[in-house]
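Inside the fold
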Amino acid sequence: MSQGSAPVLDDPAGVGNFIHTVDRLCRRPARGEGVQDSPHAARPPLLRRRAAGETPVQHTDRRGIPLVRLHEAGEWPEILAPAGRPSVHVISPGIPRARPAVQPGEPVPRMLSRVVAALRTSSPRLRFPRYRLAAWIVERLADSHDREEQARRVLRESDRTWGWGVDTAGLGADHVPFPLNVLLRLLPGFVHDARVSGRVPGLSGRFRWLRGRLAHDRPRAPGLAALLADFDPDDEERVSRLLLGAFMDDLARQYRRSPLHVRGAGHVFYPLLLLNEHAAPLVRLIEERRADLGRFDPVVVVSYTADAVVPEDDEPLWTVIRWRRELVTADDDAAWRHVVETPLTITAPPVPADLARYDVTEATWVPPARVAPWWSSWTAVVLFWMALAGAVGAYAGQTAAWHREACASGLWTPWTESGRQLLGTECVGVAGPGYLFAPGNAEIVEVQRVLTQENERAARLHEADGQGRSRPYVTIVYLAALTTTDQDQLAAAREGLAGVAIAQKRQNSSAGPSEPLVRILLANAGGRMQHGSRIAGLLLRHRDDEAPIVGVVGLDQSRKETVAAIQELGKAGLPMVASTLSADRLVNESPFYFQVAPQNARQAWVAAGFADDLARRRQVARRARVYYSHDVTDYYASNLSRQVVARLEERGFAVEPMRFTPVGAERPGPGDVSDDPYRGDPRAAGVSACGFDGLVYFAGRGIPDFSEFVKGVADRCAGAPPVILAGDDVTRYAADVRLRSAVSRVGYYYQSFAVAPARCDEPQRHDFYVELFATFPFECREPGPGRTLDGHAALAYDATETMIMAIRRLGRESHAVPVNSFTVWRQLGTLHTPAGQPGHAIEGATGGLDFGEDSPRQYPVDKPVIILRATGASRPTQVGVCGPVTGAPPGESFPWCASVPDAYR
């Protein structure tokens, strides 16, 4: 064989085996760590042992990279690392290699410096951040005088991330706001000190590694600066061990295989370290480190040792094969340790210096190297992280969208049904009391906390009751407008929740086989009840076999949207007991609908009777103006105004209906067909009432419309205001001392469906108020956040108590009656007192509750309507009442109430 004029060597048994041996030592297995088995045929003795059935057990998980001692090196460095000879067939070119020309007496740190420099420029390049940090610090500490101060200075200079902050902290801080000024001055130094202490995982990084090596992994060792102060850079042995440890740890980190170190799997060759006979001190330290077999040092060290003992069968390839076989067939750990600790001794055959090409026969052909897995390439890693970032971004986007759409407050769980949905800017739907539909104040959080506690209490009692063998376990839904931008409306919603909480608490404290255990769910229909019709479908899907939904209480605002909600709930077969609704038409919308407040027809008759009494006493002329809001969707205002106009005319009053546009609504357009005079916004309507000597009746919303109406009166005629009487919705305004005190000179009368409670330190007419003030002490603060004067808490309590009474009566039946929405609805119609018996079916906090004996009217008989007088910040005073009020003395009732026609009872 020949190529050009250069001689050709054909010696596969000598040089070929040697080259194959070194190449095989550097090849990294696809799995595990160590030297792979040779692909060549086994020697005859091993084949004979296999034929005889003496195959040893293979422990292929045993790892080990041997230390190779080279005997009679000859010219092997030129063959292993040829310069400028790409056509020469040598070991695989992808092996990172270092062949330092070590001189006699050269120290170990200098040897390592040459090795690191060679491996950093090899292909593939290897990185040594720990070694560079340790070498740089050792070099800078060599001329230190003040040990600890110098150590701190060296650490500050070595911290390229935050070390600058110690010297530059405060630069430019005078030109930024004070909080940022303080941050710029303190944060860099603080982070730097924490980083170079070596104690903080993650933040300390390489400094934590350095502290562990200097402290020998003692957790209670001092900080890194103190350890460096005790470190002697002239101690060559200690410096050598530190640098060698940094070198090996850097290699081990780059060769790790894990999901977080994908690039480590891309290294298919171990680095090759070729050392001559003068590198014995470095070889000794490596052997000492390799004695700890728990470490992973991915490097093949081949060193020339003149006094090495040559084995009898001095054939390099079979020496490695035999070593590997002994490794994987070792019976125990001791034998495995002995194999790993025993260095391999091979002989490098002499090679002519002018060798240009080495041709091998097929028998000793070196197979191609293993290709790195595709997923360990930089392209694959970048694509993976791009895909992961995209997936995380999509997940985050979907999470945010789902959180918005489902009004979620926890982790994204799209496989669960939240029962809530974001419609516009409001979260509507069904939730437990622990969920806030709108950001609330501390008072509403406290009320919902009590509701949550009572739900948990009911569940515990149900469990202790033997899963409902005795007491019924049911769910009642409180449906209302729980989201609004108006804090006063939100306070009214909180009052309703407080009333429900007291009813639930009192019921769960009861004992007896017929006493139901009550769980409460909250349902938000939007600020104007505009999404109430959707709630019915959500409630049907919100099934709970242990505590079935048997009814709905609450409801809010007699509007067009509320009517749609009543119709849909009725179609779903859910009975309803409204707390504050009073529009006449509501009882005709569904047979499943009931209310504890009187109708507007009764309220209008009481207003006319009171106006007639004022006219007889010559306090007003027999004239009246009825101001109502021009909102076709507000059934309350339109129904109440028509009823008041009709009743006043029956009493001989000359009545003028007048319209105004509610705050936030649109003015009448070209399609307006009403003949009633239009007076602009509520404030302008109040101005127009000045100078009128008859009765001014306000049939609109208390907040914010009536608030603006009385301000208009105050603007024009605060010294001589007209006589004003307002409907029951004005209780929201009158209950807020802050709003009342804004207009201190204009007095007015208003109607209410609940008697204002006495002060907390005075006797109460009903136990409800005693329990309310004990459970929620903030209701006793005057002035304070409470709205107890508006009656919403008492009305919600009566509505819930009415529903509970129907359930309780089912348990009293002599035969077993299932408790469900239909049986509860049937019992609601029977809540009346038989003829000839005193009292009422329910003695509620707002008066007696009786739905009539002849036929269920769906609204109570003779429900009290109270008239109060308010002026400024003074507490409203009761003028009189029509209807039986619990604990009321006889003198409280108006004398003309006895003539109430049956149609308005």
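Residues numbered from 1 in each chain as written. Predicted model: local features only at pLDDT ≥ 70, side-chain atom pairs only at ≥ 80, totals over all residues. Heavy atoms only, no water.

Some thoughts on the sheet that holds strand E16 (residues 654–660)
An order of E16-E15-E17-E18-E19-E22-E23 is seen for the seven strands of this open sheet, with the pairing classed as mixed. Strands at the two margins of the open sheet, each flanked by one partner only, are E16 and strand E23 (877–882). Pairwise comparison of adjacent strand axes, ignoring direction, gives a mean angle of 20° for this sheet. The pairing of strand E22 (residues 865–871) with E23 spans five bridges and is antiparallel. When the bridges of E23 are listed, leucine 868 appears paired with glutamine 878. (Pairing = 2+ DSSP bridges. Helix = DSSP H or I, 4+ residues; strand = E, 2+ residues; numbered from the N terminus. Axes fitted to C-alpha atoms, helices over the stretch in contact; angles between N-to-C directions.)

Regarding the nonpolar core
Ranked by size, the top nonpolar core spans 92 residues in total, and within it Ile476, Leu648, Phe768, Leu772 and Phe776 carry the most contacts. Sorting elements by how many residues they give to this core places helix H27 (residues 792–811) first, with twelve residues. (Core = buried A, V, L, I, M, F, W, Y, C linked by side-chain atoms within 4.5 Å. Buried < 20%, exposed > 50% of the residue type's maximum accessible area, 1.4 Å probe, protein only.)

A look at the confidence of the model for the protein chain
Within the protein chain, residue pLDDT values average 81, and 80% of them lie at 70 or more. The low-confidence segment residues 1–10, where pLDDT is below 50, has 21 contacts with residues more than four positions distant or belonging to other chains. Low pLDDT, under 50, characterises residues 359–365; the stretch is placed with twelve contacts to residues that sit more than four places away or in other chains. (pLDDT = per-residue confidence, 0-100. Contact = heavy atoms within 4.5 Å.)

Focus: the pairing of strand E11 (residues 517–524)
Counting buried positions over the eight residues of E11 gives eight, a clear majority of the element. Here E11 shows two buried faces, one formed by Leu517, Arg519, Leu521 and Ala523 and the other by Val518, Ile520, Leu522 and Asn524. Strand direction decides the pairing type here: strand E9 (residues 426–431) and E11, joined by three bridges, are antiparallel. Counterpart to glycine 429 in the pairing with E11 is asparagine 524. Of the pairings in the sheet, the one linking strand E10 (residues 473–480) to E11 comprises eight bridges and is parallel in character. Bridging across to E11, valine 474 finds its partner in valine 518.

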